[in-house]
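Listed below, chain by chain, are the residues.
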Amino acid sequence: MRQLWETPGGVHPPENKVQSLKLGIGHLAIPEKLILPLIQHIGDAAKPCVAIGDVVLKGQKIASASGDLSAPVHAPTSGVISAIEDRPVAHPSGMSALCIEIISDSEERWIDLYGHTDYKQLSPQEVSHLIADAGVTGLGGAGFPSAAKLDNGRTKPVNTLIINATECEPYITADDILIRERAAEIIQGIGVISHVLDMPRRILIGIESNKPEAIDALREACKSTAIEVVVVPTKYPSGGEKQLVYILTGQEIPSGQLPSDIGMVCVNSGTAFAIKRAVIDGQPLISRIMTVTGDACGINRNYEVLIGTPVSHILEKNKFIRKNCSRLIMGGPMMGFSLSSSELPVVKTTTCILAPSHSEIPEEDPQQPCIRCGLCAEACPASLLPQQLYWYAQSEDHERLQAHNLFDCIECGACSYVCPSNIPLVQYYRSSKGNIINSRNAKISAAKARERFEFRQVRLNKAEQAREVKREARRVATEKAKTSSSSAADIINAANLRAKARQASPDQQKAKLERSLMAAKMRLDEAQERLAEANKSGSAEQQAQQHASVEGARQKVEQTKRRLEELIR
Ligand code: SF4
Ligand code: SF4
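These numbers come from a predicted model, not from an experiment.

With that settled, consider the overall build of the protein chain. A count of helical and extended segments in the protein chain gives 15 helices and 17 strands. Along the longest, intermediate and shortest principal axes, the C-alpha atoms of the protein chain span 110 × 60 × 50 Å. Looking at the protein chain residue by residue over its 569 residues, the buried ones come to 46%. Sequence-distant contacts in the protein chain: of pairs separated by 6 or more residues, those separated by 24 or more amount to 73%. When the accessible surface of the protein chain is totalled, it reaches about 27,700 Å², and 51% of it is carbon and sulfur.

Dropping the structure here:
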């Protein structure tokens, strides 16, 4: 039997999983309209590639990835594009983002699908491209684009692939039911991932002991494969990436590093399923399994839900009674966040809609002062000092927050869960992380602006010097012309002097081209910044304009580079 390692901290909240496992995976009627946020993943928002009024087919790409760390978005059903505009999206900050709305035609007309059952004949890069093109992102966590994760893994030797099937958060059973019903397809997805990673030596599936049916299904599906199903003790949060790697291998991922830095890649079981569909069946990521649960719902169950479905549509089909609900949560009670409206859409990372009753999850009691009991530090699975982090977050002491490894916090909420003073610790950490990232970005922008200003000053000074040389040449020529009775030789000399002043030496030409190159690169930087802004909040037309301007600036850089290379040759 495989040796397991125990992580520090952790808690044992009531599981509340049985209620949503009484029925198998259900399907819902197609909603009248679907709202697709273009940022459902970590990285840059996707860029719309359709216009209002376009008729789209199920599975058709409606927004393209806009960089290496981005993911396209596809139409979850056939219909008409009815809006491309900013809408509120499901996010702890309550932010708005560019969304595409589709009015469904209820016909479910698919694009032509091209599956690759023979994916082993393709190169790992080609398979990775299929995964990227299908818009697959991590379904169990923050939504990291899967192809980027696997590509990153490929840049370093990967010896271990870990499939995360722990699903440790209370109430959520989406992975559990998916494994029970579709284990064979998950194993096929693991085969695809292994191919992309160039066949890692070890493949381990980590699953918590509270899922006996899923464990049996996995063991059955893994027969005659080298994949090892490893049952880990039930403790929250054993499903954190760093925590699971440690439990299964005893190896710690150093602060600020990724599993790939120690030769491992960790992928959620639901993501493995989505990868199977993307590569073998040719289907983009347009739906996911999610749990709908809580006492305010008459039916607790898992559904295969189209991405973009408004939460209200799901609740309506689950006999939801609004007055019985204390608050609507997207995700689980530990890591989820309250929804400001039931009209917000399901996204690729939505694992659960939790509608608890007032007695089930009561309104939060008011926050009290910290009594320095130390329970939060005991519960922390990342061995942090939550109480200290709380003090520094309150005083906005960014330096100390980083020195105390704030960015190692996995936002599991175990510290908030045990805090007798009801301090919403994890909310302080989330907000501090956001502030630190914003201030880092502001510093980078300020440094770039300063660089641009200094460069402009140098350019202006040089231009002034050049003008001065010309003025002097003209003055000397005029003097000579006056004093030497305009001899032909003097006139020629003056002309030569002027020509010389105009004609730069090779060194001067090189310096001039280098300055032009630097200026062109800066204009490219500026254009890229404007494009990123437009992608975040601009209209489709503004995005197209900025895209063209980036292209123009890029061509200018290339042209100048070529001229410089020719001169040097
Ligand atoms: S658990 Fe709460 S009260 Fe106790 S030390 Fe931590 S923050 Fe303070
Ligand atoms: S939320 Fe962060 S600080 Fe709190 S227990 Fe989890 S990892 Fe530790």
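With numbering matched to this structure, UniProt assigns "binding site: [4Fe-4S] cluster 2" (unreviewed entry) to Cys380, Cys409, Cys412 and Cys415. Taken together, the annotated residues stretch across 36 residues yet fold into one region, lying no more than 10.6 Å apart by C-alpha. Among the secondary structure elements, Cys380 is positioned in the loop between α8 (375-379) and α9 (386-394). For Cys380, a relative accessible area of 9% puts it in the buried group. Sequence-distant contacts of Cys380, that is, excluding residues within four places in its chain, are made with Pro8, Gly9 and Pro386. Positionally, Cys409 belongs in the loop between α10 (398-403) and α11 (414-418). Not counting residues up to four positions away in its chain, the partners in contact with Cys409 are Leu384, Tyr429 and Lys433.

By secondary structure assignment, the location of Glu304 is in strand β14 (residues 301-306). For Glu304, a relative accessible area of 13% puts it in the buried group. In terms of polar contacts, Glu304 uses its side chain to reach the side chain of Arg277, at 2.7 Å.

Turning next to the site of ligand 2. The environment of ligand 2 is formed by Cys380, Pro381, Pro386, Cys409, Ile410, Glu411, Cys412, Gly413, Ala414, Cys415, Val426 and Tyr429. Partitioned by chemical class, the residues of the shell around ligand 2 number 10 nonpolar, one polar and one charged.

Where strand β4 (residues 55-56) lies against strand β7 (residues 79-88), two bridges are found, and the strand directions are antiparallel. From the neighbouring strand, Val55 faces β7, where its bridge partner is Val80. Sheet topology note: the β7/strand β8 (residues 96-104) ladder contains nine bridges and is antiparallel. Each residue of the ladder has a partner; that of Ile81, found in β8, is Ile102.

Where burial is concerned, most of helix α5 (residues 241-249) is hidden: seven out of the nine residues are buried. Every buried residue belonging to α5 is among Gln243, Leu244, Val245, Tyr246, Ile247, Leu248 and Thr249, and all of these are buried. Buried-residue contacts for α5 involve β9 (160-164), β10 (202-208), β11 (228-232) and β12 (264-268). Backbone geometry just downstream of α5 places Gly250 in the positive-phi region, at approximately 75°.

Within the open sheet, the four strands sit side by side as β2-β8-β7-β4. Their pairing is antiparallel. Looking along the sheet, the strands with just one partner apiece sit at the ends: β2 (33-37) and β4.

Quick look at helix α1 (residues 124-133) now. Among all positions of α1, only Val127, Ser128 and Ile131 are buried. Along the long axis of α1, the arc covered by the buried residues comes to 100°, so they all point the same way.

What follows concerns the UniProt feature "binding site: [4Fe-4S] cluster 1" (unreviewed entry) in the protein chain. Taken from the UniProt record, the annotation "binding site: [4Fe-4S] cluster 1" (unreviewed entry) applies to Cys370, Cys373, Cys376 and Cys419. Maximum C-alpha separation among the annotated residues is 10.6 Å over a sequence range of 50 residues, consistent with a single clustered spot. Tracing the backbone shows Cys373 in the loop between β17 (352-354) and α8. Mapped onto the elements, Cys419 comes out in the loop between α11 and α12 (425-483).

The geometry of α1 relative to helix α3 (residues 174-196) is characterised by a closest axis approach of 8 Å and an angle of 130° between their N-to-C directions. Between α1 and α3, the angle is such that the two are oblique. Contacts from Pro124, Val127, Ser128 and Ile131 in α1 reach Val192, His195 and Val196 in α3. Along the lines of polarity and charge, the residues of the contact of α1 with α3 split into five nonpolar, two polar and no charged.

In this structure the tally under the stated criterion is two aromatic pairs. Between the aromatic rings of Tyr390 and Tyr428, the centroid separation amounts to 5.0 Å while the plane-to-plane angle is 75°, which identifies the pairing as edge-to-face. Remark: Tyr428 occurs in helix α12 and Tyr390 occurs in helix α9; sequence separation between them is 38 residues. In this structure Tyr428 comes out as partly exposed when scored by relative accessible area, which is 23%.

A surface patch of like charges, here positive, comprises Arg456, Arg459, Lys470, Arg474, Lys512, Arg523, Lys556 and Arg563. Going through the elements one at a time, α12, α14 (506-537) and α15 (540-568) are the ones with two or more residues in the positive patch. In terms of residue count, α12 provides more of the positive patch than any other element does, four residues in total. Along the chain, Arg459 turns up in helix α12. Classification of Arg459 as partly exposed rests on a relative accessible area of 41%.

Take the packing of α12 against α14 next. Between α12 and α14, the least distance of the axes is 11 Å, while the angle of their chain directions is 145°. Regarding α12 and α14, the two cross each other, and that crossing is left-handed. Contacts between α12 and α14 involve Lys448, Glu451, Arg452, Phe455 and Lys462 from the former and Arg515, Met518, Ala519, Met522, Glu526 and Glu529 from the latter. For the contact of α12 with α14, a count of residues per class yields four nonpolar, no polar and seven charged.

About the criteria used
Residues numbered from 1 in each chain as written. Chains lettered and ligands numbered in written order. Predicted model: local features only at pLDDT ≥ 70, side-chain atom pairs only at ≥ 80, totals over all residues. Heavy atoms only, no water. Helix = DSSP H or I, 4+ residues; strand = E, 2+ residues; numbered from the N terminus. Buried < 20%, exposed > 50% of the residue type's maximum accessible area, 1.4 Å probe, protein only. Contact = heavy atoms within 4.5 Å. Areas by Shrake-Rupley, 256 points an atom, 1.4 Å probe, with all protein chains shown as cover. UniProt positions renumbered as here; feature names shortened; annotations may be inferred. Polar contact = N/O pair within 3.5 Å; in protein donor to acceptor, adjacent residues only side chain to side chain. Near = heavy atom within 4 Å. Nonpolar A, V, L, I, M, F, W, Y, C, P; charged D, E, K, R; others polar. Pairing = 2+ DSSP bridges. Arc of directions from axis to C-beta. Axes fitted to C-alpha atoms, helices over the stretch in contact; angles between N-to-C directions. Parallel < 35°, antiparallel > 145°, perpendicular 65-115°, else oblique. Phe/Tyr/Trp six-rings, centres within 6.5 Å; stacked < 30°, edge-to-face > 60°. Patch = residues over 30% accessible without salt bridge, like charges linked within 9 Å, V, L, I, M, F, W, Y side chains within 5 Å. Salt bridge = Lys/Arg side-chain N within 4 Å of Asp/Glu carboxyl O. Lys, Arg positive; Asp, Glu negative; His and termini not counted. Charge placed at Lys NZ, Arg CZ, Asp CG, Glu CD. Left-handed = near helix turned anticlockwise from the far one by under 90°.

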